[in-house]
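# Commentary on secondary and tertiary structure
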Amino acid sequence: DFYVPDFVVSTGYGVAVSLKAEQFNESDPMDRRGLTILRGMIHDIVAVAFHPQDDKLLCIDSEGEIFVWNTEDWDLLASYKTQIQAKCMEYHPEGEKFAIGASHG
């Protein structure tokens, strides 16, 4: 059997969309649409990472700004400007740290 977990897709135009695994089985394209969870960031979202225990989502944009969102109400908790040209990011399994993969190594 083919298994896909629930996941989030980040797009250009500063949008993040949440998708449920069962949506892959829907034949009607309208039923395969996800739930927009973030909209209106100024720059493209490059990477996202969910905190392993807390209700937090990290995302980094194409200009290197890191955003911390509360996933309960989608309030912005913090933002940090960096010079990082990120390609990916991930929380440590214990949630105390996170790593960012950058284009310059």
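Residues numbered from 1 in each chain as written. Predicted model: local features only at pLDDT ≥ 70, side-chain atom pairs only at ≥ 80, totals over all residues. Heavy atoms only, no water.

Let's shift gears to the confidence of the model for the protein chain. Parts of the model with low pLDDT should not have their predicted coordinates read in detail. Within the protein chain, residue pLDDT values average 83, and 93% of them lie at 70 or more. Mean pLDDT per element in the protein chain: strand β1 (residues 7-11) is the minimum at 73, and strand β9 (residues 98-102) is the maximum at 92. (pLDDT = per-residue confidence, 0-100. Helix = DSSP H or I, 4+ residues; strand = E, 2+ residues; numbered from the N terminus.)

Further remarks concern the environment of V17. Following the sequence through the fold, V17 ends up in strand β2 (residues 15-19). With sequence-adjacent residues up to four places away left out, V17 is seen in contact with F7, V8, V9, G34, L35, T36 and I37. (Contact = heavy atoms within 4.5 Å.)

With that out of the way, let us pick up the pairing of strand β6 (residues 66-70). With 5 of 5 residues buried, β6 is to be regarded as a mostly interior element. Burial of β6 is two-sided: the residues I66, V68 and N70 facing one way and the residues F67 and W69 facing the other way are all buried. Pairing of strand β5 (residues 56-61) with β6 involves 5 bridges; the strand directions are antiparallel. By the bridge assignment for β6, I60 is matched with I66. Linking β5 to β6, which pair antiparallel, is a turn of 4 residues; within it G64 sits at a positive phi near 90°. Bridging between β6 and strand β7 (residues 76-80) involves 4 bridges; their strand directions are antiparallel. Its bridge partner lying in β7, I66 is registered against Y80. Counting the residues between successive antiparallel strands, the hairpin from β6 to β7 contains 5 residues, one of them, W74, with a positive phi of roughly 60°. (Buried < 20%, exposed > 50% of the residue type's maximum accessible area, 1.4 Å probe, protein only. Pairing = 2+ DSSP bridges.)

The subject of this paragraph is unusual backbone geometry. Not every positive phi belongs to a glycine, and W74 is a case in point at roughly 60°. In this structure, W74 sits in the loop between β6 and β7.

A few words now on the environment of A16. Here A16 is to be found in strand β2. For A16, a relative accessible area of 0% puts it in the buried group. Sequence spacing of A16 and M41 is 25 residues, and the spatial spacing of their C-alpha atoms is 9.6 Å. Contacts of A16, omitting those with residues within four sequence positions, involve V8, V9, S10, L35, T36, I37, L38 and I45.

For the rest of this paragraph, the subject is the pattern of salt bridges. Throughout the structure, instances matching the rule amount to 1 salt bridge. Notably, a salt bridge pairs E65 with K81, separated by 3.5 Å at the nearest N-O pair. Taken together, the residues span a long stretch of sequence, with E65 in the loop between β5 and β6 and K81 in the loop between β7 and β8 (86-91) at a distance of 16 residues. Judged by relative accessible area, E65 falls into the buried class, the value being 16%. Classification of K81 as exposed rests on a relative accessible area of 73%. (Salt bridge = Lys/Arg side-chain N within 4 Å of Asp/Glu carboxyl O.)

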